[in-house]
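# Structural overview for review
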Amino acid sequence: MMKNPLDYVRPNILALAPYSTARDDFKGGDISVWLDANESPYDNGVNRYPDPHQHQLKHHIAELKGVRPEQIFVGGAGSDEAIDLVYRIFCRPGVDNVVAIAPSYGVYSVAAAINDVEYREVQLRSDFSLPVNRLLKATDSHTKVMWICSPNNPTANAFPRADIARLAEAFDGIVVVDEAYIDFSDRGSMLDILDNYPNVIVMQTFSKAWGMASLRLGMAFACEEIAAVFAKVKYPYNVNGPTQQAVIRHIVNDDISRQVKEIKQERAMLADILRQLPIVREVLPSDANFLLVRFVAPGAVYDYLVDNGVIVRNRSHLIACEGCLRLTVGTPEENRQLITLLRQYQSQ
Ligand SMILES: *Cc1c(COP(=O)(O)O)cnc(C)c1O
């Protein structure tokens, strides 16, 4: 439904006059004395406010991702910041609702609760495929956002691009595609549909394949109009200076393709070995850097691993994930340790 994407924005947000920083008022020029922002004049490397618009960083991200800088939002609290902003931009507290697949990433529902927005869950099919019609049926005139995590956490599978595109066409609202694990997937990113689907927001992060979880840099990509709303609503200096510089350095210097390739190889190796263990019922197909594995006795396996210094994520209480532990793919050495422990557990 190709309405103007700004039609989905809350009226108070559309009307908002954003805070203008000292650096916003400055329109360029050959300045050597900065007396505009009440900073300390003593140079210690971090005494100046960072660029609130993250121009340089966005330039590098745009090149990396094949989008225009004006389509990018970056958040200094990881993807969580972008997720929270989606609620604050589109959803009126106590009035609007969102629809999401289940099971999926927990932050969507927590952020909904914080923002007093009804969170409607639609269970994936038993094979974890996307229930397109049921998702659409769960919407009503107050549904502003649909959350699709692909590859999905914790089920590990990516959804067909055509399914997501169909949702974006049929849903009269914003479809957010969370692609935190897209670098590990053979299905392509949805970034290339943004120009045709102004109601789609794609989220990515530097926390996973790029190995910068500690820097907390998340991204949202959208049409220029929506990205401009994000820029207006975000905290002015939401990404600190050292983070902006460090991420640029990593983008310019790092080649993650070999690490990604190794993780995918290890993922396949781990899956093969795990499938042969009698303590394992099922290893779900994965497009991510983790495996969802159904065990005969997940609690006992979890405790055994913890007792031996290995921590995994217990997802066995989630509907459709009964018996499942989520295992992150580590280094070859770490994965060998995991396998050794599981074999030891089995033979005890
Ligand atoms: C890990 C993860 C993220 C990334 O979170 P950051 O806050 O950017 O570290 C986003 N979405 C999903 C589904 C994730 O699993």
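See the structure shown above.
Here we summarise the structure given alongside this text. Being a predicted model, the structure only gives us computed values, none of them experimental.

Moving on: the packing of aromatic side chains. Applying the stated criterion across every chain, the model contains eight aromatic pairs. The interplanar angle of 80 degrees and the centroid separation of 5.5 Å between the aromatic rings of Tyr105 and Tyr108 together place this pair among those described as edge-to-face. Tyr108 sits in the buried class, given a relative accessible area of 0%. Pairing Tyr108 with Trp147 gives two aromatic rings, centres 4.6 Å apart and planes at 10 degrees, and the pair type is stacked. One end of the pair, Tyr108, is in helix α5 (residues 107–114); the other, Trp147, is in strand β4 (residues 143–149), with 39 residues separating them in the sequence. One exposure class covers both Tyr108 and Trp147, and it is buried.

This part takes up the pairing of strand β11 (residues 324–328). Counting buried residues in β11 gives four out of five residues, a clear majority hidden from the surface. Where strand β10 (residues 313–314) lies against β11, two bridges are found, and the strand directions are antiparallel. Of the residues in β11, the one forming a bridge with Arg313 is Arg326.

Next up on the list: the sheet that holds strand β5 (residues 174–178). Strand order across the open sheet formed by seven strands is β1-β7-β6-β5-β4-β2-β3, with mixed pairing between neighbours. Across the chains shown, the open sheet's two edge strands, defined by having one partner strand only, are β1 (72–78) and β3 (118–123). For this sheet, the mean inter-axis angle between neighbouring strands, taken without regard to orientation, is 25 degrees. Two elements, strand β2 (residues 97–102) and β3, share six bridges in a ladder whose sense is parallel. Bridged to Ala102 within β3 is Gln123. With respect to the sheet, helix α3 (residues 55–65) is in contact with β1, β6 (200–205) and β7 (218–221), its orientation differing from that of β1 by roughly 110 degrees. In this fold helix α4 (residues 79–90) packs onto β1, β2, β3, β4, β5, β6 and β7, with an angle of close to 120 degrees to the strand it touches most, β1.

This part is about the packing of α4 against α5. Viewed as axis vectors pointing N to C, α4 and α5 meet at an angle of 45 degrees, and their least axial separation amounts to 9 Å. Considering their axes alone, α4 and α5 lie oblique with respect to each other. Helix-helix and strand crossings are classified by hand; for α4 and α5 the assignment is right-handed. Here α4 contributes Asp80, Ile83 and Tyr87 to the contact with α5, which in turn contributes Val107, Tyr108, Ala111 and Ala112.

Note on terminology: disulfide describes a covalent bond linking the sulfur atoms of two cysteines. The full count for this structure, using the stated rule, is zero disulfides. In this model Cys91 remains outside any disulfide bridge; the closest cysteine sulfur is found in Cys223, 16 Å from its own. For Cys91, a relative accessible area of 1% puts it in the buried group. Distance from the sulfur of Cys149, which forms no disulfide, to the nearest cysteine sulfur (Cys321) is 12 Å. For Cys149, a relative accessible area of 2% puts it in the buried group.

Further remarks concern the sheet that holds strand β8 (residues 280–283). If you trace the four strands from one edge of the open sheet to the other, you get β8-β9-β11-β10, paired in antiparallel fashion. In this open sheet, the two strands that pair with only one neighbour each are β8 and β10. The sheet strands contacting helix α10 (residues 257–276) are β8, β9 (290–295) and β11, and the helix crosses β9 at an angle near 5 degrees.

Once that is clear, we can look at the pattern of salt bridges. Oppositely charged side chains can form a pair if their charged atoms are brought close together. Evaluated as defined, the whole model comprises 13 salt bridges. Residue Asp84 pairs with Arg88 through a salt bridge whose shortest N-O separation is 3.4 Å. In this pair, Asp84 and Arg88 both sit in helix α4, four residues apart, roughly one turn of the helix. According to the relative accessible area criterion, Asp84 is partly exposed, its value standing at 23%. Ionic pairing is found between Arg161 and Asp192, a salt bridge with its closest N-O pair at 3.0 Å. Of this pair, Arg161 sits in helix α7 (residues 161–170) while Asp192 sits in the loop between β5 and β6, placing them 31 residues apart in sequence. Taking the relative accessible area as the measure of exposure, Arg161 reaches 29% and is therefore partly exposed.

Definitions and cut-offs
- Residues numbered from 1 in each chain as written.
- Predicted model: local features only at pLDDT ≥ 70, side-chain atom pairs only at ≥ 80, totals over all residues.
- Heavy atoms only, no water.
- Phe/Tyr/Trp six-rings, centres within 6.5 Å; stacked < 30°, edge-to-face > 60°.
- Buried < 20%, exposed > 50% of the residue type's maximum accessible area, 1.4 Å probe, protein only.
- Helix = DSSP H or I, 4+ residues; strand = E, 2+ residues; numbered from the N terminus.
- Pairing = 2+ DSSP bridges.
- Axes fitted to C-alpha atoms, helices over the stretch in contact; angles between N-to-C directions.
- Contact = heavy atoms within 4.5 Å.
- Parallel < 35°, antiparallel > 145°, perpendicular 65-115°, else oblique.
- Left-handed = near helix turned anticlockwise from the far one by under 90°.
- Disulfide = S-S within 2.5 Å.
- Salt bridge = Lys/Arg side-chain N within 4 Å of Asp/Glu carboxyl O.

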